[in-house]
Amino acid sequence: GTDGKTSVSHYIAQCLDSDIARCGVLGTLGNGLIHELRPTGLTTVGAVQLQSSLASLIEAGAKAAVMEVSSHGLDQGRVNGVEFATAVFTNLSQDHLDYHGSMDTYFEAKSKLFALAGLQFAVINLDDAFGCRLAQRCRGTLTVYGYSTSSEFDELASYVDGIIYTKSIKPTRYGFEIHLSTPAGDGKCQLNLLGEFNVSNALAVLATLLLNKMALDQALRRLQDIRPVAGRMELIEINNRPTVIVDYAHTPQGIIAACKAARLHFNGQLWCVFGCGGDRDREKRPKMARAAEKYADHVIVTSDNPRDEDPQAIVSQVFAGFTHADAVGCYLDRRDAISYAIAQAATEDVVL
């Protein structure tokens, strides 16, 4: 997906990992056993390094591995030779068009994962239009489980072999109480994750566990134990200070989802501090500005890994998307931006 790869892969790994059967992770936060990750600088490393990483996991005692697979990695053949058992599709929104050129080309790159030899199972988000398209394509060649946070999907039933969906979702301060239906029966779960998109991510995890022969009651217990991934809707609370949420949102869709999540769980005004990465899709920069302006009460623009670009030039492209630019703060130094937001926010506010 565009959003959700890191969270879903780490949640699956948390559910599969145990003292007697360790689970490895390969992705944006690094490669290694789930609690012993070594940063690599890439979501999906090159083909030779990838095989070395997998071999190291076996030497470390891993019985399973969960990998984030990037569109660049698929397009460049970095996962060629890897035999996947299960592939998960979370969603597709604008990102990396500087590389792929169009959303259709981007989708085709992602779809390569689901055409690899040896793949047995596909888990696909039916709330995403590209997901529905992919499910139709996979039906008949793979065992496909779809998932949805809606129960209005009668026309989608023909796309999949089974559907996991929520019958009810009740927000709490630290997550959700969810009642869900699966091909293995109905169940309830207390999910300790912020943001409704994490309910969707949890359904992807549950579908993966069920397809890989974990019993429903055990899978639900594992879901209740999963914890947020570092930098993904990570909650920081200190008495008599504003609540802070750290998230990796780096697309317009990601900004919207994170802002909505903050409002769902907390009262008070919302301060959004964000930047746009350098040497990446420039078209999304003003769109991220429009998203932040629409869904947050206060917006502060800063730098986010400018790489080889001029930080001021990036910020100027971001500001082109604001309708009321005079109301937006700007601090190129990220520490200054965060410090300003926390200092200005009221105790009951949230700084994202």
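Cut-off values and rules
- Residues numbered from 1 in each chain as written.
- Predicted model: local features only at pLDDT ≥ 70, side-chain atom pairs only at ≥ 80, totals over all residues.
- Heavy atoms only, no water.
- Helix = DSSP H or I, 4+ residues; strand = E, 2+ residues; numbered from the N terminus.
- Rg over C-alpha atoms; globule rule 2.2 N^0.38 Å.
- Buried < 20%, exposed > 50% of the residue type's maximum accessible area, 1.4 Å probe, protein only.
- Contact = heavy atoms within 4.5 Å.
- Areas by Shrake-Rupley, 256 points an atom, 1.4 Å probe, with all protein chains shown as cover.
- Lys, Arg positive; Asp, Glu negative; His and termini not counted.
- Charge placed at Lys NZ, Arg CZ, Asp CG, Glu CD.
- Salt bridge = Lys/Arg side-chain N within 4 Å of Asp/Glu carboxyl O.
- Pairing = 2+ DSSP bridges.
- Core = buried A, V, L, I, M, F, W, Y, C linked by side-chain atoms within 4.5 Å.
- Axes fitted to C-alpha atoms, helices over the stretch in contact; angles between N-to-C directions.
- Parallel < 35°, antiparallel > 145°, perpendicular 65-115°, else oblique.
- Left-handed = near helix turned anticlockwise from the far one by under 90°.

Caption draft 1: Structural detail: the overall build of the protein chain. Counting its regular elements, the protein chain contains 12 helices and 15 strands. Taken over the C-alpha trace, the protein chain has a radius of gyration of 20 Å; the compact-globule value for 352 residues is 20 Å, and the two agree within 12%. Summarising its shape, the C-alpha atoms of the protein chain cover approximately 55 × 45 × 40 Å along the three principal directions. With 352 residues in all, the protein chain has 52% of them scored as buried. Long-range contacts, defined as pairs at least 24 residues apart, comprise 63% of the intrachain contacts of the protein chain with a sequence gap of at least 6. For the protein chain, the exposed surface amounts to about 15800 Å²; the carbon and sulfur share of it is 48%. When the 32 basic and 40 acidic side-chain charges of the protein chain are each reduced to a single mean position, those positions are 3 Å apart.

Caption draft 2: Inspection of the pattern of salt bridges at higher detail. The full count for this structure, using the stated rule, is 11 salt bridges. Residues Arg-263 and Asp-297 are paired through a salt bridge, measuring 3.0 Å at the closest nitrogen-oxygen approach. Placement of the pair is Arg-263 in helix α9 (residues 252–265) and Asp-297 in the loop between α10 (284–295) and β13 (298–301), with a sequence separation of 34 residues. In this structure Asp-297 comes out as partly exposed when scored by relative accessible area, which is 37%. For the salt bridge of Arg-282 with Glu-309, the shortest nitrogen-to-oxygen distance reads 3.4 Å. On the criterion of sequence distance, the pair formed by Arg-282 in the loop between β12 (270–274) and α10 and Glu-309 in the loop between β13 and α11 (311–319) is long-range, its members being 27 residues apart.

Caption draft 3: Region of interest: the pairing of strand β9 (residues 185–191). Bridge count between strand β8 (residues 175–182) and β9: seven bridges; the pairing is antiparallel. Considered in β9, the bridge of His-179 is made with Lys-188. Taking the residues that link successive antiparallel strands as the turn, the β8-β9 hairpin has two residues.

Caption draft 4: Spatial organisation of unusual backbone geometry. For Lys-213, which is not glycine, the phi dihedral falls at a positive 75 degrees. By the element assignment, Lys-213 lies in the loop between α7 (196–211) and α8 (216–225). Residue class for Lys-213 comes out exposed when judged on its relative accessible area of 69%. Positive phi is not limited to glycine here, since Arg-307 has a value of about 55 degrees. The exposure class of Arg-307 is partly exposed, given its relative accessible area of 37%.

Caption draft 5: Up close: the nonpolar core. Ranked by internal contacts, the top residues of the largest apolar core, which has 37 residues, are Ile-164, Val-205, Leu-206, Leu-220, Leu-223 and Ile-226. Elements with a contribution of two residues or more to this core: α1 (5–16), β1 (22–27), β5 (121–125), β6 (143–148), β8, β9, α7 and α8. The leading source of residues in this core is α7, at 10 residues. With near-sequence residues (within four places) excluded, Leu-206 lies in contact with Ile-164, Leu-180, Thr-182, Leu-216, Ala-219, Leu-220 and Leu-223.

Caption draft 6: Layout of the side chain of Ser-200. Inspection of the secondary structure assignment puts Ser-200 in helix α7. By relative accessible area, Ser-200 is classed as buried at 11%. If near-sequence neighbours (up to four positions away) are discounted, Ser-200 is found in contact with Asn-125, Tyr-147 and Thr-149.

Caption draft 7: Expanded view of the packing of helix α5 (residues 103–111) against helix α6 (residues 129–138). The geometry of α5 relative to α6 is characterised by a closest axis approach of 11 Å and an angle of 45 degrees between their N-to-C directions. It follows that α5 is oblique to α6 by the angle criterion. Taken as a pair, α5 and α6 cross one another with a handedness that is right-handed. Side by side, α5 and α6 meet where Met-103, Asp-104, Phe-107, Glu-108 and Ser-111 of the first sit next to Phe-130, Arg-133, Leu-134 and Arg-137 of the second.

Caption draft 8: Just the sheet that holds β12, in detail. Strand order in the open sheet formed by six strands is β10-β11-β15-β12-β13-β14, and the pairing between neighbours is mixed. Either end of the sheet is taken by a strand with one partner, and the two such strands are β10 (234–236) and β14 (329–330). Running at roughly 150 degrees to β12, α9 makes contact with β11 (243–246), β12 and β15 (350–351) of the sheet. Of the strands in this sheet, β11, β12, β13 and β15 touch helix α12 (residues 334–344), which is tilted by about 175 degrees from β12.

Caption draft 9: The sheet that holds β8, seen in detail. Sheet architecture is open: six strands sit in the order β4-β5-β6-β7-β8-β9, paired in mixed fashion. Each having just a single partner strand, β4 (86–89) and β9 make up the two edges of the open sheet. Direction aside, the axes of adjacent strands within the sheet are offset by 20 degrees on average. On the sheet, α6 packs against β4, β5 and β6 and is oriented at approximately 155 degrees with respect to β5. Contacts from α7 reach β4, β5, β6, β7 (162–172), β8 and β9 within the one sheet, and its direction differs from that of β7 by about 140 degrees.

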